[in-house]
Structures are given as structure tokens and as C-alpha cells.
Amino acid sequence: MHSLMIRKVKPGDEAAIEQYRREFSEEPMRATFISGRIPGLDDLEQYEKAADWIRSCEKMKGKISWYLSFRRLDGALVGAACLRHRLEYDDDDPEFASHIGYSIRPSEQRKGYGKEQLRLILSEARKIGISPVRIVCRDINEGSIRVILGCGGVYLDTLHGDESGMDINRYEIRI
């Protein structure tokens, strides 16, 4: 198994987050309805500078926690995740809401980091008493589906978003 460590986003992470952002293109398989959104770094697309986004995250303290995942071997930033303490902090439509959003930088995908990162975030969810955890992903996102199922996710259903035109799978993980 790879060895990742996670920690909350903090001032000083600006350069790493900007590098992470540059690695994502806007369209190959958009994960969200909002163009430019990187799962796990919600609302970063609204800010020109990562420093401004980091400051905005402070306003959601106690409601949403953002994490970065680093490879222990070399300290490289591998992934990002957010943990929404309640579903209401995710989507206007609670049916499409998810407690956890996450991504692995494209150059590090398909190496097993997704499952390890999700397990670490589930541990954080357990600490604040979230159970079951709801996670959603696009129905065509096979990598994310494998990660969720590999971490004990149970498929609930698929919803169609009229506004987005996307089909979203919903899963539940009891922790």
C-alpha cells in the first residue's frame, strides 16, 4: 500500500494548490456541473489566487473541512478532499449532496491513492460523528466508483440532474 498522510488546508499551501489546479483541464470528463470545479477543492474556481480561497475556507470552519493528501515518501501533493459536516453544505438539491468530495491529481491517478485518501477522510468523518456517509459521483466515473466500492460503499441509486444533464450515482458508507 502507498503511504499517504492528510492534513487540513492552511496558509502556506498556495503554491502546491496552484500547481494542483494547473494539472486539471476543464473538460475531459467533468466531474461536476460547475465548469472548472476540482472535486475536493470546492469553490477554488471562483478565486484567481489560492491564498484568497484559503482565507474563504476559514468562513466555513466547523461546517466544511478541506484536506490535502501528501505522499509520505517525498511529500508530494497527491490529492485533495473536502468533508462536509452536513449534507446541506454541498448542493442546492439535497438529493445530490455528498458528505465527501475528493480528487487525485491526474499524474497520480490509477496508483491506488484514491482508496487510501478516501479511507483517511472517512476516519475524519468518524471523528466528528458522521455515519452513514453519503458519497456521489457521475455514473460514468469508473475510477471513483471503484474507489467508493473499495471503501465499503453501497450503491443506493442513480439520479438524473435535469439542469446538469448528468446522471449521478449515490452511495452510502457506514462507519
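Since the structure is predicted, the reported quantities are computational estimates derived from the model, not experimental observations. (Residues numbered from 1 in each chain as written. Predicted model: local features only at pLDDT ≥ 70, side-chain atom pairs only at ≥ 80, totals over all residues. Heavy atoms only, no water.)

S.K.: If you had to explain the overall build of the chain to someone new, which residues and values would you point to?
M.R.: Each helix and strand in the chain was counted, giving 4 helices and 7 strands. Walking the chain from its N terminus toward its C terminus, one meets helices and strands in the order β-α-α-β-β-β-α-β-α-β-β. Overall, the chain is about 40 × 35 × 35 Å in size when its C-alpha atoms are taken along their principal axes. Within the chain, buried positions represent 47% of all 175 residues. Looking at the chain alone, contacts between residues at least 24 apart form 62% of all its contacts between residues at least 6 apart. Summing over all exposed atoms, the chain offers an accessible surface of approximately 9,300 Å²; the carbon and sulfur share of this is 49%. In the chain, 28 side chains carry a positive charge and 29 a negative one; their mean positions are 7 Å apart. (Helix = DSSP H or I, 4+ residues; strand = E, 2+ residues; numbered from the N terminus. Buried < 20%, exposed > 50% of the residue type's maximum accessible area, 1.4 Å probe, protein only. Contact = heavy atoms within 4.5 Å. Areas by Shrake-Rupley, 256 points an atom, 1.4 Å probe, with all protein chains shown as cover. Lys, Arg positive; Asp, Glu negative; His and termini not counted. Charge placed at Lys NZ, Arg CZ, Asp CG, Glu CD.)

S.K.: Let's hear about the sheet that holds strand 5 (residues 133-138): which residues, and what values?
M.R.: Overall, antiparallel pairing links the 3 strands, which are arranged 5-7-6 in an open sheet. Across the chains shown, the open sheet's two edge strands, defined by having one partner strand only, are strand 5 and strand 6 (154-160). Sheet twist, expressed as the mean angle between neighbouring strand axes with direction ignored, is 25 degrees. Here 6 bridges tie strand 5 to strand 7 (residues 167-173), and the two strands are oriented antiparallel to one another. Its bridge partner lying in strand 7, Ile135 is registered against Tyr171. (Pairing = 2+ DSSP bridges. Axes fitted to C-alpha atoms, helices over the stretch in contact; angles between N-to-C directions.)

S.K.: Break down the sheet that holds strand 1 (residues 4-8) for me, citing the residues and quoting the values.
M.R.: On the basis of which strands lie adjacent, the open sheet formed by 4 strands has the order 1-2-3-4 and antiparallel pairing. Edge positions in the sheet fall to strand 1 and strand 4 (100-104), since each has one partner strand and no second. For this sheet the average axis-to-axis angle between neighbouring strands, irrespective of direction, equals 20 degrees. Sheet topology note: the strand 2 (residues 64-71)/strand 3 (residues 77-84) ladder contains 7 bridges and is antiparallel. Counterpart to Ser69 in the pairing with strand 3 is Gly79. The strands that helix 1 (residues 14-22) touches are strand 2, strand 3 and strand 4; relative to strand 3, the one it contacts most, it runs at about 95 degrees.

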